[in-house]
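# Coordinate analysis (summary)
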Amino acid sequence: MSINLLGLLKDQLSGDMVSKIAGAIGESLSSTQSALGSALPSILAGAVQKASDTNGAGTLFNMLSSGNHDGGILNNLGSLLGGGSSTQNLISGGAGILSTLFGDKVSGIANLISNSSGIKSSSASSLLGLAAPIVMGMIGKAVKSQGISSASGLASLLMGQKDFLKGVLPAGLGNLMNLSSLSDVAGMAMAAGSGGLKKLMPWALLAGAGILVYSLLGRGCQQEVPKVNVRMTVDSVATKAVDAMANWFKKTLPNGVALNAPMGGIENQLVDFIEDAAKLVDKTTWFNFDRLLFETGKATLKPESQEQLNNVAEILKAYPNVELKIGGYTDNVGNAASNMKLSEARAKATMAEIVKLGVAEARMKAEGYGDQHPVASNDTEEGRAMNRRIAVRVTKK
């Protein structure tokens, strides 16, 4: 599962930190909290969009390195947000980041945040300046912790943030930044991952053919229609699909099975851990399923879960010495005993399905932990969603 950078940022900027920011920009605590709720995803969305092409990803990767954005800023936020020259320097440094991400759209984004939260436009500009280095610091920390050493790796990390940004961006930002193009690319990536580029191409060709038919029919009815270069339309779709596929983890396993899954997902993480002799088995390294879905309140797996279950089963078949512990977790809503029971039922259902796919039951153990060991705050729906999960730990390799 991709690291939820937005959730981590919100956890970082809470409580006393929000009070300090409110004092620095001269706004009320509640209005500042609301503005932060728009500013953080906006800046992160800017980084995601920037990384959606090769040149932009390279620019961001160089910025992280040359600007020392390695997460160190997160350890000193209290003093940096306390006012005075330190805070002003932070805002000044953030202006350069914002310019790189948004170009001439910075003032427009500040206005959107101002309108959505009720703070002054000047305060929104200052808030963006304060938040930009913090966002970059969080990205840099993730890059460092995951050992990412290339622009393509950074792009994969950032494109994995798209789902976390849905529904939290301020109204109008999508149009201002043309964010719909990111959604299109991500959609093509999913299509390519599910059935390969061969399945995607007929749809691209059909779309082009549809344009051509529409054009011919329009001329037959003596209507003026736009001239469309069908070949360029199809080529454009195919090119986007190929670019999107670069963000997928493709691996031929030792048993000859070709694995194709999202970069950074559980498949990618499991194989990397298993094959890296330097990564030792311990009791703290867990990997979260990222495409496993259950019916609400039940331990019944949804059909959409099958692809990832198949992949994990194939990984276990390819590495016959590997054994796993499967853990089930819930949020803290409801009765603790019921949550514990549900989490264990889901963990066992996951194990049972993998057994059905041909993996010996003796190689796995399943346990429920209920609302213990949360990975995010249960105070928000986003955090609760992160805590409702199934994870695995390698116990032998």
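Across its full length, the protein carries 18 helices and six strands. Expressed as a percentage of the 397 residues in the protein, the buried residues total 44%. Summed over its atoms, the accessible surface of the protein is roughly 19,000 Å², and 54% of this surface lies on carbon and sulfur atoms.

Another aspect to go through is helix α15 (residues 266-275). Residue pairs three or four apart in sequence face the same way in an α-helix, which turns once every 3.6 residues. For α15, a buried count of seven out of ten residues is recorded, marking the element as mostly surrounded by other parts of the structure. What α15 keeps buried is the set I266, E267, N268, L270, V271, F273 and I274. Where the residues of α15 are buried, they touch β1 (248-252), β2 (258-262), β3 (287-288), α16 (306-318), β4 (323-329) and β6 (389-396).

The description of two aromatic rings rests on the distance between their centres and on the angle between their planes. Scanning the model with the defined rule gives four aromatic pairs in all. Centre to centre, the rings of F273 and F287 are 5.5 Å apart; their planes meet at 65°, and the pair counts as edge-to-face. A residue pair is termed long-range when its members are at least 10 positions apart, and F273 in helix α15 and F287 in strand β3 qualify at 14 residues. Neither residue differs from the other here; F273 and F287 are each classed as buried. Here W286 and Y369 contribute two aromatic rings whose centre-to-centre distance is 6.2 Å and whose plane-to-plane angle is 85°, an arrangement assigned as edge-to-face. On the criterion of sequence distance, the pair formed by W286 in the loop between α15 and β3 and Y369 in the loop between β5 (364-368) and α18 (381-387) is long-range, its members being 83 residues apart. Through a chain of ring-to-ring contacts, three or more aromatic side chains come together here, namely W286, Y329 and Y369.

Quick look at the environment of L157 now. Looking at the element boundaries, L157 is found in helix α9 (residues 151-159). As for L157 and A51, which are separated by 106 residues in sequence, their C-alpha atoms are 9.4 Å apart.

What follows covers the packing of helix α8 (residues 121-145) against α9. For the pair α8 and α9, interaxial distance at closest approach is 11 Å and the crossing angle is 120°. Here α9 runs oblique to α8, going by the angle between their axes. Judged by the twist between their axes, the crossing of α8 over α9 is right-handed. Only L154, L157 and L158 of α9 make contact with α8, whose side of the interface consists of I139, A142 and V143. Split by residue class, the contact of α8 with α9 holds six nonpolar, no polar and no charged.

Those residues of helix α1 (residues 5-12) not exposed but buried are L5, L6, G7 and L9. Where α1 is buried, its residues meet α3 (29-50), α8, α9, α10 (162-165) and α18. Taking the backbone nitrogen of L6 as reference, a side-chain oxygen 3.2 Å away marks N4 as the first, capping residue of α1.

With that settled, consider unusual backbone geometry. Keep in mind that most residues, glycine aside, have a negative phi and that most peptide bonds are trans. Phi at H373 is positive, roughly 55°, even though this residue is not glycine. Along the chain, H373 turns up in the loop between β5 and α18. Take H373: its relative accessible area is 47%, and that puts it in the partly exposed class.

Assignment of secondary structure puts S79 in helix α5 (residues 77-80). Looking at S79, the relative accessible area reads 43%, which means it is partly exposed. Here the alpha-carbon distance between S79 and K20, two residues 59 residues apart in the chain, equals 9.4 Å.

Here we take up the confidence of the model for the protein. Averaged over all residues, the pLDDT of the protein equals 80, while 81% of them reach at least 70. Taken as a whole, residues 180-246 scores under 50 in pLDDT and shows 46 contacts with residues more than four places along the chain or in a different chain.

This paragraph deals with the environment of L259. Within the fold, L259 resides in strand β2. Taking the C-alpha atoms as reference points, L259 and V312, 53 residues apart in sequence, are found 9.7 Å from one another.

How each quantity is defined
Residues numbered from 1 in each chain as written. Predicted model: local features only at pLDDT ≥ 70, side-chain atom pairs only at ≥ 80, totals over all residues. Heavy atoms only, no water. Helix = DSSP H or I, 4+ residues; strand = E, 2+ residues; numbered from the N terminus. Buried < 20%, exposed > 50% of the residue type's maximum accessible area, 1.4 Å probe, protein only. Areas by Shrake-Rupley, 256 points an atom, 1.4 Å probe, with all protein chains shown as cover. Contact = heavy atoms within 4.5 Å. Phe/Tyr/Trp six-rings, centres within 6.5 Å; stacked < 30°, edge-to-face > 60°. Axes fitted to C-alpha atoms, helices over the stretch in contact; angles between N-to-C directions. Parallel < 35°, antiparallel > 145°, perpendicular 65-115°, else oblique. Left-handed = near helix turned anticlockwise from the far one by under 90°. Nonpolar A, V, L, I, M, F, W, Y, C, P; charged D, E, K, R; others polar. Polar contact = N/O pair within 3.5 Å; in protein donor to acceptor, adjacent residues only side chain to side chain. pLDDT = per-residue confidence, 0-100.

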